[in-house]
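Observations on the model geometry
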Amino acid sequence: MSSPHNSANIGDIAERVLLPGDPVRAKFIAKNFLDDVKQYTEIRNVYGFTGKYKGVPVSIQATGMGIPSFSIYVHELIHVYGAKKLIRVGTCGGMHKDLNLRDVLIAQGASTDSSIVEKTFGGAINFSLLANFDLLCKAVANAKNLNIPVKVGNVICTDRFYNDYGDKDGVYSSNGMTLDEKMIQHGILAVEMESAALYLLAAAAQVEALAIFTVSDHIVKKEYSAAEEREKDFNDMVKIALETVIQS
Ligand code: HPA
């Protein structure tokens, strides 16, 4: 048996899963970090692989970009294939001045402009989207052991990559402040497009989830890293994620 968007059979996917958006990155991680790798899906070219990291079965499932695509793959991973520990490994756009290109960031919380929270709770509460505390602590400790500096905090998970949140005359700007400036004032560190869905789906299913990012661009400083430059920093993030996902 498989699922609508994944041709894996039950049992092909490990309980521990890393979630890059990009299928090419999924292949890169499987090839460079895992042993005994088997590809279990290529539906829509959104690849998934299972292998072993330090002897422990781990899967790498690409998700595509944004909450709708991401939610399809993660829902099926949890509810069809039994995934229990899920760590997103992706890129984000830095917002806070203390963040620089290539920094590694762990999302302790995910704020969002998406309506997924509202739709889940009928608008009655603003549910806080949080990382699993155990995975978060382990990731911070593993980063320290690996000598990789990390920042930890709140991110904004947006539905649109292109929006007017940085515009003075944007719909949400007020009292001379853009929405981006207001978010930064409140400690939002970076922008990305999937973590809110991860934390909401994980909370609903009571599984463990964490989102780790490499800063690929800075939306305030207007800096962008070239794709080739990102490899080492991407590998740092993957090492932290793999060491964390295999711990019991
Ligand atoms: N915006 C949204 N998502 C992102 C960005 C960004 O600037 N960079 C990487 N993911």
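What you are looking at is a predicted structure, and each value in this text was computed from that prediction instead of being measured. (Residues numbered from 1 in each chain as written. Predicted model: local features only at pLDDT ≥ 70, side-chain atom pairs only at ≥ 80, totals over all residues. Heavy atoms only, no water.)

Within the largest apolar cluster, 70 residues are counted, with the highest numbers of intra-cluster contacts made by Leu 18, Leu 86, Leu 198, Tyr 199, Leu 210 and Ile 212. With seven residues, helix 7 (residues 230-245) is the single largest residue contributor to this core. When near neighbours in sequence (up to four residues on either side) are disregarded, Leu 86 contacts Val 17, Leu 19, Val 74, Leu 77, Ile 78, Leu 135, Leu 198, Val 207, Glu 208, Ala 209 and Leu 210. By size, the runner-up hydrophobic cluster in this structure holds six residues, among which are Met 95, Tyr 165, Ile 188 and Val 191. (Core = buried A, V, L, I, M, F, W, Y, C linked by side-chain atoms within 4.5 Å. Buried < 20%, exposed > 50% of the residue type's maximum accessible area, 1.4 Å probe, protein only. Helix = DSSP H or I, 4+ residues; strand = E, 2+ residues; numbered from the N terminus. Contact = heavy atoms within 4.5 Å.)

Here the focus is the layout of surface pockets. Taken as a whole, the largest pocket encloses approximately 1100 Å³ of empty space. What lines the largest pocket is a set of 39 residues, among which Gly 93, Phe 161, Val 191, Asp 217 and Ile 219 lie closest to the centre. The greatest single-element share of the lining of the largest pocket, amounting to six residues, is contributed by strand 5 (residues 85-94). Residue composition of the lining of the largest pocket, grouped by class: 18 nonpolar, ten polar and eleven charged. Estimates place the volume of the second largest pocket at around 190 Å³. What lines the second largest pocket is simply Asp 22, Val 24, Arg 25, Phe 28, Ala 227, Glu 228, Arg 230, Glu 231 and Phe 234. Elements represented by at least two residues in the lining of the second largest pocket include exactly helix 1 (23-33) and helix 7. Looking at side-chain class alone, the lining of the second largest pocket contains four nonpolar, no polar and five charged residues. (1 Å grid on protein atoms, 1.4 Å probe; cavity = no way out; pocket = protein on both sides within 12 Å on 5 of 7 lines; lining within 4 Å. Points joined across faces, edges and corners; volume = space filled by probe spheres on them. Nonpolar A, V, L, I, M, F, W, Y, C, P; charged D, E, K, R; others polar.)

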